[in-house]
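# Structural features, examined
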Amino acid sequence: MSDHILLATDGSEYARRAAQYAVDLAAEEGASLHVLCVVDKRKLSEPAFSSTEYETIEAEDHGHDCVKEVSKMADGTGITVEGDVRHGVPSELILEYAAEIGADRIVIGEHGEHDEHLGGVGRTLVEESDREVIVVEGET
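Residues numbered from 1 in each chain as written. Predicted model: local features only at pLDDT ≥ 70, side-chain atom pairs only at ≥ 80, totals over all residues. Heavy atoms only, no water.

Turning our attention to the state of the cysteines. Note on terminology: a disulfide is the covalent bond linking the sulfur atoms of two cysteines. As enumerated under the stated definition, the model contains 0 disulfides in all. The closest cysteine sulfur to the non-disulfide-bonded Cys37 is located on Cys66, 4.4 Å from its own sulfur. Cys66 gets classed as buried once you look at its relative accessible area, which sits at 3%. (Disulfide = S-S within 2.5 Å. Buried < 20%, exposed > 50% of the residue type's maximum accessible area, 1.4 Å probe, protein only.)

Below, the structure is given as structure tokens:
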């Protein structure tokens, strides 16, 4: 039984499938679900007085919306959902956050906004994490 499950999400369709899987898994195991959305600093810098500021703010707002969406998915399941939006390199922050909360498992979608395929964030997590990484595949 896992006590803490970390869902890394970007709000993509693949991430939504992973979110449903994570909610179901947490409910089945009585685990708490932690949701993390990362604003990729490689694409967007910290807010400054430029057009990038608006893009960064929009990305952060989107991250908070992603966390709220997962919380709504978990309504009525009895599980605890906590969420955060952080700025940085996605794979690095996911691993750091997993360590911070003591996650037993990390759940992520097969594809996402950060990658076109598992070759990016998902692959890095699978290769570098000492925790179980569950990559939820999209529909075939």
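There is more to say after this.
Going through the model one piece at a time under the given rule, you end up with 2 cavities of 30 Å³ or more. The calculated volume of the second largest cavity comes to roughly 40 Å³. Lining the second largest cavity are Thr9, Gly11, Ala15, Arg16, Ala19, Cys66, Glu69, Val70 and Met73. If you list the elements that add at least two residues to the lining of the second largest cavity, you get α1 (13-29) and α2 (51-73). In terms of residue class, the lining of the second largest cavity is made up of 5 nonpolar, 2 polar and 2 charged. (1 Å grid on protein atoms, 1.4 Å probe; cavity = no way out; pocket = protein on both sides within 12 Å on 5 of 7 lines; lining within 4 Å. Points joined across faces, edges and corners; volume = space filled by probe spheres on them. Helix = DSSP H or I, 4+ residues; strand = E, 2+ residues; numbered from the N terminus. Nonpolar A, V, L, I, M, F, W, Y, C, P; charged D, E, K, R; others polar.)

This brings us to the pattern of salt bridges. Per the stated rule, a full pass over the model turns up 6 salt bridges. The residue Arg16 makes a salt bridge to Glu13 at a minimum N-O spacing of 3.7 Å. On the criterion of helical spacing, the pair formed by Arg16 and Glu13 is a turn pair, its members being 3 residues apart in helix α1. Residue Arg105 is joined to Glu132 by a salt bridge in which the shortest nitrogen-to-oxygen separation is 3.2 Å. On the criterion of sequence distance, the pair formed by Arg105 in strand β4 (residues 105-109) and Glu132 in strand β5 (residues 132-136) is long-range, its members being 27 residues apart. A residue is classified by how much of its surface remains accessible, and Arg105, at 17% relative accessible area, is buried. (Salt bridge = Lys/Arg side-chain N within 4 Å of Asp/Glu carboxyl O.)

By the element assignment, Glu58 lies in helix α2. Sequence separation between Glu58 and Val39 is 19 residues; the distance between their C-alpha atoms is 9.7 Å.

Further remarks concern the nonpolar core. If you look at the biggest cluster of nonpolar residues, it comprises 22 residues, and the most contacted ones within it are Ile5, Leu7, Leu33, Val70 and Val107. Ranked by the residues each element gives to this core, the list is headed by α1, at 6 residues. Excluding its chain neighbours within four sequence positions, the residues that come into contact with Leu33 are Ile5, Leu7, Ala22, Val23, Ala26, Val70, Ile79, Thr80, Val81 and Glu82. Listed in part, the 16 residues of the second largest apolar core include Leu6, Ile94, Ala98 and Leu125. (Core = buried A, V, L, I, M, F, W, Y, C linked by side-chain atoms within 4.5 Å. Contact = heavy atoms within 4.5 Å.)

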